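Next come the chains, spelled out residue by residue.
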Amino acid sequence: MQVAVVTFDGFNELDSFIASALINRCRKDGLEAFITTPTSTVTSMNGVEVAGQRPMEFVTEADAVLIGSGVRTRDVVADDRLISMLPLDPSRQLIGSQCSGALVLARLGLVGGGMPACTDMTSRPFVEACGVTVLDAPFHAEGNIATAGGCLASQYLATWVITRTLGEDAARGGIDYAAPVGEKSETVERALRAVRSGEAALR
């Protein structure tokens, strides 16, 4: 099982790296994440240059696709060429967005029209301008689509992907490995609680 962590120029390191690193704790169980980029290298909002592990074409074969955020996401959604590189299919893929990545899902028609989203405070007015209801929550999922708001909520996207693909025990193990010493149990439970409540919010 493969996960594409879509990462554009101007990306937020926390969003792409936390999600991919946590998911890759489950490599031994057959789940692996790859930084997926439209060009061979991308540069973060803080000037960190990263070589993509997979090209954008990889999104069509990935079992899950996570859209990271960044300072240039509004440029991304205005670029028809970049958007055309994201032929996502929620009938067979898990699809998630982090912070301003919700703008990409809105452009693709995957949120809005009754499907609310989570995003960061800076991106919120732009997401709402797309006609999407923004929730005051860190994580929300309906079916195969999930959104997260706030950089550190990327751990919830990772927890969701691991839970949906490998089960809750695998998610516990992955989060526990990375959790702060002395806070492991509460960190694991908080992540699982966020995912459970995010999936149950509108039932």
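Note that the structure is predicted; figures quoted are calculated from it, not measured.

Now, about the overall build of the protein: what can you tell me, with residues and values included?
The secondary structure content of the protein amounts to eight helices and nine strands. Relative to the globule expectation of 17 Å for 203 residues, the C-alpha radius of gyration of the protein, 15 Å, shows essentially globular dimensions. Seen through its C-alpha atoms, the protein measures out along the principal axes to roughly 45 × 35 × 35 Å. In the protein, 65% of the contacts between residues at least 6 apart in sequence involve partners at least 24 apart. If you sum the accessible surface of the protein, you get close to 8,900 Å²; carbon and sulfur atoms cover 51% of it. Separation of charge centres in the protein, based on 17 positive and 24 negative side chains, amounts to 3 Å.

Tell me about unusual backbone geometry, residues and numbers included.
Of note in the backbone geometry, C99 takes a positive phi value of approximately 50° without being a glycine. Note on placement: C99 falls in the loop between strand 7 (94-98) and helix 4 (101-107). A residue is classified by how much of its surface remains accessible, and C99, at 3% relative accessible area, is buried.

Give a detailed account of the packing of helix 6 (residues 154-166) against helix 7 (residues 168-178), specifying residues and quantitative values.
The N-to-C vectors of helix 6 and helix 7 enclose an angle of 145°; their axes lie 7 Å apart at closest approach. The way helix 6 lies across helix 7 gives a crossing that is right-handed. Every residue of helix 7 that contacts helix 6 at Q155, T159, I162, T163 and L166 is listed here: E168, A170, A171 and I175. A class-by-class count of the residues in the contact of helix 6 with helix 7 yields five nonpolar, three polar and one charged.

Report on the pattern of salt bridges, specifying residues and quantitative values.
Taken as a whole, this structure holds nine salt bridges when the rule is applied. The salt bridge partner of R27 is E32, with a shortest N-O separation of 3.0 Å. Note on R27: relative accessible area 46%, which makes it partly exposed. By relative accessible area, which is 27% here, E32 ends up partly exposed.

Reading the values: rules and limits
- Residues numbered from 1 in each chain as written.
- Predicted model: local features only at pLDDT ≥ 70, side-chain atom pairs only at ≥ 80, totals over all residues.
- Heavy atoms only, no water.
- Helix = DSSP H or I, 4+ residues; strand = E, 2+ residues; numbered from the N terminus.
- Rg over C-alpha atoms; globule rule 2.2 N^0.38 Å.
- Contact = heavy atoms within 4.5 Å.
- Areas by Shrake-Rupley, 256 points an atom, 1.4 Å probe, with all protein chains shown as cover.
- Lys, Arg positive; Asp, Glu negative; His and termini not counted.
- Charge placed at Lys NZ, Arg CZ, Asp CG, Glu CD.
- Buried < 20%, exposed > 50% of the residue type's maximum accessible area, 1.4 Å probe, protein only.
- Axes fitted to C-alpha atoms, helices over the stretch in contact; angles between N-to-C directions.
- Left-handed = near helix turned anticlockwise from the far one by under 90°.
- Nonpolar A, V, L, I, M, F, W, Y, C, P; charged D, E, K, R; others polar.
- Salt bridge = Lys/Arg side-chain N within 4 Å of Asp/Glu carboxyl O.

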